[in-house]
Amino acid sequence: MEPFQSHSRSQTAIFLAGCILSCLLQMVSAQENLTVASIPEHPIQGQSILLDVVENIQETFEECEWTQPSGNKIIFARGTKFTPVNTSQVVVVHQNCSLTIKNLRPSDQGRYTVKVTVPPTKQQTRDSIYIGSIFLILCDEKQIRIKVQPPSPKAGQDVVMTPQGIPDTYDHCEWNQKTESGVSKEFQDSGQESNKQENQQQMIQQGCSLHLTQITQAHSGEYSVYVEVFSGQHSAKEKGNREEMKCYRSQTQLKVVSVSGSTSVKYSVGIIAGALLGSLTWASSLSLVPLLFDVSREDKQKLSSICVCKAEQFCA
């Protein structure tokens, strides 16, 4: 009987352990991931930024909590008016738990984590917790400048725009073009290899320089460059750790000088006027021939007809 009792007790213990574990699991909230996006994607010091919670949780969440790089927590409960931790109103939490940071400072850099609590539905017995995070980096805009060569390009010329002040090696280079007509284009280069664009008139070459060939007035507008440099030996794609990344950003205006048609018109008018004057002078010189030499009436008529013919040919 003793072996049977021992076996029965072990089964009871396993059953009780399973019940306890099940109860504990019921008490623990389920966790899912949230996607957080930075708007703008590459902020600089002094700007405002929105850390946007991409998922639509506005109507379901009960409470959201943001943890700043300093460790400070910002808690926003649904149905309450949010009061920022600091009195300078630098931080604002929106109704969808997104976070706005105004007047960015170097001390604002670091990892931001958001935790959203959603109450259980009729089919659930526990809260759902959504967690997301993003690492905020401020790009250096003061260290680099863009050199445009030639400085005042004319239509039909080639232009090279080179960012000066970036490291010799970089992991990612990106140019953005916004023309005066509102057209936006993006050109990227990773690994310092020439970017093969569909439009061969625009290409990023060594040193993250943007080459434009046979430009027109349509190329006039704002050009901005963004460069990523990761510490270590691995590229950005292999590493993907923004905490070890430094970024640079700068922008410049390109104004294409049009080649005016007035110069060529003036030149053509000058040529015509010169030719006409020369023809008239030649005709006048022929009219003096009878005065200098004894020319018959018949020869005079031939000379006159020659002058008229020459004038008509020029006018034609």
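In the annotation of an unreviewed UniProt entry, the entry for the chain reads Pregnancy-specific glycoprotein 22-like isoform X1, and the organism field reads Notechis scutatus. Per UniProt, the comment on the chain under Subcellular location (unreviewed entry) is "Membrane".

Draft legend 1. Looking closely at the state of the cysteines. Inspection of the entire model under this criterion finds two disulfides. A disulfide bridge connects Cys-139 with Cys-247, and the sulfur atoms are separated by 2.2 Å. The disulfide joining Cys-139 to Cys-247 has a torsion of about -105° about its S-S bond and is therefore left-handed. Here Cys-139 is found in the loop between β9 (128-136) and β10 (145-149), whereas its partner Cys-247 is found in strand β17 (residues 245-254), with 108 residues between them in sequence. Neither residue differs from the other here; Cys-139 and Cys-247 are each classed as buried. Sequence-ordered numbering of the bonded cysteines in the chain yields a pairing of 1-4, 2-3.

Draft legend 2. Summary view of the environment of Ile-215. Secondary-structure assignment places Ile-215 in the loop between β15 (209-212) and β16 (221-230). Of the residues examined, Ile-215 reaches a relative accessible area of 1% and is grouped as buried. For the pair Ile-215 and Pro-153, spaced 62 residues apart in sequence, the C-alpha separation works out to 8.4 Å. Among all residues touching Ile-215, those that are not within four sequence positions of it are Pro-153, Lys-154, Ala-155, Gly-156, Gln-157, Val-159 and Val-256.

Draft legend 3. Local environment of the sheet that holds strand β3 (residues 49-53). With antiparallel pairing, four strands are arranged side by side in an open sheet as β2-β3-β7-β6. Since the sheet does not close on itself, it has two edges, and those belong to β2 (36-39) and β6 (91-93), each with one partner. With strand direction ignored, the average angle separating the axes of adjacent strands in the sheet is 15°. Of the strand pairs in this sheet, β3 and strand β7 (residues 99-101) are connected by three bridges, and their pairing is antiparallel. From the neighbouring strand, Ile-49 faces β7, where its bridge partner is Ile-101.

Draft legend 4. Molecular detail of the side chain of Thr-117. Examined against the element boundaries, Thr-117 turns out to sit in strand β8 (residues 110-118). Judged by relative accessible area, Thr-117 falls into the buried class, the value being 12%. For Thr-117, the residues in contact, after removing those within four places along its chain, are Phe-61, Glu-62, Glu-63, Asp-127, Ser-128 and Ile-129.

About the thresholds
Residues numbered from 1 in each chain as written. Predicted model: local features only at pLDDT ≥ 70, side-chain atom pairs only at ≥ 80, totals over all residues. Heavy atoms only, no water. UniProt positions renumbered as here; feature names shortened; annotations may be inferred. Disulfide = S-S within 2.5 Å. Helix = DSSP H or I, 4+ residues; strand = E, 2+ residues; numbered from the N terminus. Buried < 20%, exposed > 50% of the residue type's maximum accessible area, 1.4 Å probe, protein only. Contact = heavy atoms within 4.5 Å. Pairing = 2+ DSSP bridges. Axes fitted to C-alpha atoms, helices over the stretch in contact; angles between N-to-C directions.

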